[in-house]
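Coordinate analysis (summary)
Letter by letter, the chains look like this.
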Amino acid sequence: LLRRLECVLEPTRDAVIESYEKNKAIWGRDSDNYCMASGRAFYNLSTYRLADLGSSNTQSNLKEYINAFSPNVREIFEQFEFDSICAKLQNYEPPLLYDVCKKFGAKDMDLSPEAVDDRTMSDIYEHLIRRFGESIAEDAEDFMTPKDVVRLAVALVMATGEDEILSSDDGVVRTIYDPTMGTGGFITDAMDYIAEVQSRKNLRVPAMIIPYGQEVLGESWAMGKTNLLIRNVADESLDRYEQMKDLSANIYRGNTLTNDMTEGTRFDLIFSNPPFGKEWKKEQKTVDDEIKLGYAGRFGAGKPKIDDSAMLFLQHVISKMKRAEEGGAKAAIVLSASPLFVSTSLGSGPSNIRRWILQNDFVDCIVKLPTEIFYRTGIATYLWILSTRKDEGRRGKVQLIDASTFKTPLRKNQGNKRYEISQEQIDEI
């Protein structure tokens, strides 16, 4: 990450330092005004590079270098606990910090936008998570949705009534949101999919997508925020002001169930892959208090079992969808079998939640997915497509699709992921 940021900022580094020397008495250190000189949504006011930190004061110089970044970058490094990692490297015998910095700062470690595009950079992050997930964060891979599942979800959401986003040529602004964003793959891959379709249509002013997200784990949040912060830095089709937009500005850290950090906001598109079978005992008091609010809160339809939070996330997603009078919304959420089948007795919490969802005609389609397509679990999963603006022919109906046989073996397993859904299979579904 540090080397990528360094390479991105290199062409304008001197201009930023010059601007800082001229204006520091007025602007101080933490000012978005320096972005005018950097041409990006972030900046660095230091003259240091990884390659020239020096061998005698490496740790203190590196700390000064990190602290010279704009606040939106510094908070990412804080979540990675970068200081303590550097201290460990420095305290080896012999010290390793200088050698590591020198290696990453070498000319052949070229992560400039000209050498490495945005898509490849995202692939690098995902490879690191898959390979070293346990050391990055506990269950890190649980918070990363495979690309094939994302592409299927986005394709299904876009299959009906989304011509405005894919085809409009008047610069309409639409929002996308993931309340359990993990490392941000659902958001970035959805934006990639939309951009791919738009590019094939040669639109002059395509719909602009503004991302929002929330994640509870610090390291996963930092990964996701990073992905959006440095997104588009290699897109030469964007003008200077578009490249200065901070797409990570609305990426929040916090527990979605107890602290909705986008309270009062509804969205056009929502994608979510909440954790499977996760109990919510720690959140129970706060959630119970909100349940007492009825439909004035997010969980008015009913209270699920304490050992699985899936139906809380399902209610949350529906609460964040724009209503029909606001233009409507579409959503996709990946769930286990539990929300479909648990507690079938009438009057139970899960039964009441299902009844509320069906009576309000929120469910457009439920797709049974193949097993063994996720990195950490082989259980049966379902993709729920939700809508508050159904086409007339789909109102009052729920389409059920059994896609459990739509899978292609991988040449090499990735954890528990033995299969993927090919593009041809996505098209057929």
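Residues numbered from 1 in each chain as written. Predicted model: local features only at pLDDT ≥ 70, side-chain atom pairs only at ≥ 80, totals over all residues. Heavy atoms only, no water.

Attention now goes to the overall build of the protein. The secondary structure content of the protein amounts to 18 helices and 10 strands. Its C-alpha atoms give the protein a radius of gyration of 23 Å, near enough to 22 Å, the size a compact globule of 429 residues would have. Over its C-alpha atoms, taken along the principal directions, the protein stretches across nearly 70 × 50 × 50 Å. Buried positions account for 53% of the 429 residues belonging to the protein. Counting contacts in the protein only where the partners sit at least 6 residues apart, residues at least 24 apart contribute 75% of the total. Counting every atom, the protein has about 20,200 Å² of accessible surface; 49% of that belongs to carbon and sulfur. Where the 55 positive side-chain charges of the protein centre and where its 66 negative ones centre are 3 Å apart. (Helix = DSSP H or I, 4+ residues; strand = E, 2+ residues; numbered from the N terminus. Rg over C-alpha atoms; globule rule 2.2 N^0.38 Å. Buried < 20%, exposed > 50% of the residue type's maximum accessible area, 1.4 Å probe, protein only. Contact = heavy atoms within 4.5 Å. Areas by Shrake-Rupley, 256 points an atom, 1.4 Å probe, with all protein chains shown as cover. Lys, Arg positive; Asp, Glu negative; His and termini not counted. Charge placed at Lys NZ, Arg CZ, Asp CG, Glu CD.)

Let's shift gears to the nonpolar core. Grouped together as the largest cluster of nonpolar side chains are 73 residues, with contacts concentrated most on Phe42, Leu62, Phe271, Val367, Leu383 and Ile429. It is helix 9 (residues 147-157) that provides the largest number of residues to this core, a total of 8 residues. Ignoring any residue separated from it by four or fewer positions in sequence, one finds Ile429 in contact with Leu152, Leu156, Val367, Ile401, Ala403, Phe406 and Ile421. In this structure, Ile353, Ile357, Ile366 and Leu386 belong to the second largest nonpolar core, which totals 24 residues. (Core = buried A, V, L, I, M, F, W, Y, C linked by side-chain atoms within 4.5 Å.)

Left-over empty space is what a probe sized like a water molecule reveals as it rolls over the atoms. Per the counting criterion, the structure on display carries 3 cavities of 30 Å³ or more. By volume, the largest cavity is sized at about 160 Å³. In the lining of the largest cavity, the residues fall into 7 nonpolar, 6 polar and 4 charged. (1 Å grid on protein atoms, 1.4 Å probe; cavity = no way out; pocket = protein on both sides within 12 Å on 5 of 7 lines; lining within 4 Å. Points joined across faces, edges and corners; volume = space filled by probe spheres on them. Nonpolar A, V, L, I, M, F, W, Y, C, P; charged D, E, K, R; others polar.)

So, on to the sheet that holds strand 6 (residues 363-368). Strands sit in the order 3-2-1-4-5-7-6-8 across an open sheet of 8 strands; the sheet is mixed. Since the sheet does not close on itself, it has two edges, and those belong to strand 3 (251-253) and strand 8 (399-402), each with one partner. Taking the axes of each pair of neighbouring strands and ignoring which way they run, one obtains an average angle of 15° across the sheet. As judged from the 7 bridges shared by strand 5 (residues 330-336) and strand 7 (residues 381-387), these two strands associate in the antiparallel manner. Note on strand 7: the bridge partner recorded for Leu335 is Tyr382. (Pairing = 2+ DSSP bridges. Axes fitted to C-alpha atoms, helices over the stretch in contact; angles between N-to-C directions.)

Geometric descriptors of this kind do not, in isolation, establish any biological role.
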